[in-house]
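# Per-entry structural report
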Amino acid sequence: MDNETFIQGINRRDTEAYKQIYDRYYRILVVYAENFLGNNGTSEDIVQDIIVNIWEAKMTFVSYNAFKTYLYNSVRNGALNYLKHQGVAEKYLEHLAQTYSPIDESEVNEEEIYRRLFAIIDRLPTRCREIFLLCMDGKKNSEIATELHLSIETVKTQKKRAMAYIREHLDKSYLWLLFIVTENMMLSDLLIDC
Amino acid sequence: MEYIELLITKYLSDTISESEKQFLQNWIKEDTTHRQLMNRLLHDKNFSEKYRRHAAIDTEAAKSAFLRHIRKRVWQYRVWKYAAAAAIIVSAIVSAHYLFTEDKNPAPQFALAEVEPGNTRAILVLDNGTQLSLGENEAKTIAIDDSVSVEMSAEGLTYLPAATKKETKFNTIIVPRGGEYRLTLSDGTEIYLNSESELRYPVTFSEMSERKVQLSGEAYFSVSSDSEKAFVVEVGNVRVCQYGTVFDINAYDDSPEIVLVSGSIGVSNDTDGKEIRLQSGQLAVCGEEIVVTDVDVTPYIEWTNGRFVFIDRRLDDIADILMRWYNVEIEIEDKDIAELHFTGSVGRNETIQHIMNAISYAQNVKVTVSGDKIKISK
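Below: a short report on this structure. (Residues numbered from 1 in each chain as written. Chains lettered and ligands numbered in written order. Predicted model: local features only at pLDDT ≥ 70, side-chain atom pairs only at ≥ 80, totals over all residues. Heavy atoms only, no water.)

### A closer look at the interface of chain B and chain A
- On the side of chain A, 70 residues touch chain B, which itself brings 60 residues to the contact.
- Counting across the chain B and chain A interface gives four salt bridges.
- The shortest N-O distance in the salt bridge between Glu 34 of chain A and Arg 53 of chain B comes to 2.8 Å.
- Put simply, chain B and chain A have 15 residue pairs in polar contact (both at pLDDT 80 or more) between them.
- Put simply, the parts of the chain that give the side of chain B that touches chain A at least two residues each are α1 (2-12), α2 (18-30), α3 (32-42), α4 (47-56), α5 (59-101), β3 (131-134) and β4 (140-143) of chain B. (Contact = heavy atoms within 4.5 Å. Salt bridge = Lys/Arg side-chain N within 4 Å of Asp/Glu carboxyl O. Polar contact = N/O pair within 3.5 Å; in protein donor to acceptor, adjacent residues only side chain to side chain. Helix = DSSP H or I, 4+ residues; strand = E, 2+ residues; numbered from the N terminus.)

This is the structure in structure tokens:
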């Protein structure tokens with residue numbers, strides 16, 4: 001389901017589109033809420049409430065971006081509100097609100113970066129995934145080899161496989177975007193030539 | 001921005017090409033916030049930990065809980081949908097019938113007793129175009145925007161003071177015919193919107209020099225005096241500026257009527273911009289000129305207490321009010337009847353039949369349902 005069809009589905013209250021909210025966003029939203037609330041189940045409740053509310057209030061969105069922004073910011077505000085009701089100190093709330101500032105449609109969204117990367121990592125074979133994750137943590141090949149009882153060569157090969165897979169899928173998911181960007185670049189090159 | 005997100009994702013996973021890296025580096029140099037963002041992402045040493053927490057979350061369980069929740073409601077909805085479909089087929093047959101016979105008095109498509117009074121409902125339009133339908137919602141707090149939360153309940157909408165200061169965003173409440181809606185703005189000002197009305201307002205007033213909102217239709221304002229900023233209502237080219245007040249604005253036609261219940265307000269229009277101060281118990285009718293008279297405010301504001309009060313009102317005007325509240329068409333057959341004057345009071349929860357009976361008894365006119373309209377004739 002492409003983004004446009006997805007948003008139209010949400011606006012029509014199509015169940016399939018709502019299932020997609022879970023497949024695409026549920027996990028990353030819970031992880032985002034855990035930044036505020038820690039890992040105690042409340043995060044899942046907050047995310048669930050937000051999705052149910054979109055359904056019940058028959059919300060419609062003008063674009064996929066507006067939808068994403070709405071999700072992240074609702075989680076942020078929902079979590080801050082929850083803490084406020086729990087009587088958490090004002091100072092700590094301010095600190096949290098500043099650390100995790102509201103997400104703006106026109107700015108880079110860190111959670112979206114994690115979301116896309118995690119979605120691809122999900123599909124890597126188990127060993128390949130383990131090696132790649134340790135590598136992302138900043139570990140050297142030799143350290144990974146020792147930790148997983150593997151040869152350095154195996155680590156290198158698996159890492160390469162992981163990277164090739166990720167590159168391919170990232171490009172695929174952004175294909176339309178690459179196309180638009182390169183087209184613009186070509187236009188600007190032409191303008192300079194003139 | 002999505003392109004930058006892609007490049008960062010590639011950079012993090014070490015799958016970026018040289019030319020892409022160049023592009024990303026230029027972006028990082030553009031702004032210190034870009035550099036800070038990259039630093040934060042690159043020094044996140046708990047990447048695998050974050051991924052593992054992510055992977056452990058049970059999406060399927062959450063999805064099934066959601067589906068169970070909505071299925072109950074979908075079923076209820078279906079029953080109504082089929083009932084509605086049946087009704088449409090019936091009315092289609094009826095109108096097809098009359099299309100061919102061209103009867104001047106088409107058969108009634110509804111009974112007077114079935115016409116429901118208005119109820120609590122509205123549509124909320126957010127700054128980015130997102131729409132929510134509001135009704136007698138269960139009480140809950142929701143985030144409607146980057147930094148703004150509202151409490152929703154059967155009593156209406158209450159804007160909570162914003163958590164963070166950002167550029168001012170505007171929301172709009174649209175109340176359809178047959179609806180009414182109450183809301184409380186972030187400064188504590190309470191507004192009661194009547195049917196077929198629209199109000200546009202900033203979600204927070206912190207960045208504004210005055211508390212300005214725009215209205216069409218009718219609304220009753222109880223302005224919070226808890227602010228040093230003037231509260232201003234714009235209706236077409238008329239400006240109502242308050243100084244701690246309760247007032248009603250009725251702007252369904254070209255000459256908005258403003259009634260001051262208590263406090264003090266100034267009214268001005270585009271023509272000369274001169275502000276006229278109202279005393280409590282005064283009515284300003286804003287045509288080409290602003291005309292001020294002393295009035296009894298009750299008939300102007302009783303709708304907010306759930307009653308219609310008509311004092312020597314033209315039937316034509318009464319019909320307009322009823323059409324908005326009951327969401328029906330009323331046709332008055334001739335001019336003489338339209339000019340009849342009525343005095344009386346009736347609850348807004350009464351059926352329209354009750355009101356129509358009262359009218360027909362009082363002035364010996366005939367009320368019938370003709371096609372999809374209510375017809376008042378001699």
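### What about helix α1 (residues 3-11) of chain A?
Residue and element names in this part refer to chain A.
- Along α1, the residues classified as buried are Phe 6, Ile 7, Gly 9 and Ile 10. The buried residues of α1 all sit within an arc of 155 degrees when viewed along its axis, so they share a single face.
- For α1, the capping residue at the N-terminal end is Asp 2, with a side-chain oxygen 3.0 Å from the backbone nitrogen of Glu 4.
- Once α1 finishes, Arg 13 follows within two positions and takes phi at roughly 60 degrees, a positive value. (Buried < 20%, exposed > 50% of the residue type's maximum accessible area, 1.4 Å probe, protein only. Arc of directions from axis to C-beta.)

### A short note on the packing of aromatic side chains
- One pass over the full model with this rule turns up 23 aromatic pairs over all chains.
- A ring pair is formed by Tyr 32 of chain A and Tyr 72 of chain A, whose centres lie 5.8 Å apart and whose planes are at 85 degrees; its orientation type is edge-to-face. Here Tyr 32 of chain A, found in helix α2 (residues 15-37), pairs with Tyr 72 of chain A, found in helix α4 (residues 64-85); they are 40 residues apart in sequence, far enough to count as distant.
- A relative accessible area of 2% means that Tyr 32 of chain A is categorised as buried.
- Summarising the aromatic geometry, the rings of Tyr 159 of chain B and Tyr 201 of chain B are spaced 5.4 Å apart at their centres and angled 80 degrees between planes, so their arrangement reads as edge-to-face. Of this pair, Tyr 159 of chain B sits in strand β6 (residues 156-159) while Tyr 201 of chain B sits in strand β10 (residues 197-202); the two residues are 42 residues apart in sequence, bridging distant segments of the chain. (Phe/Tyr/Trp six-rings, centres within 6.5 Å; stacked < 30°, edge-to-face > 60°.)

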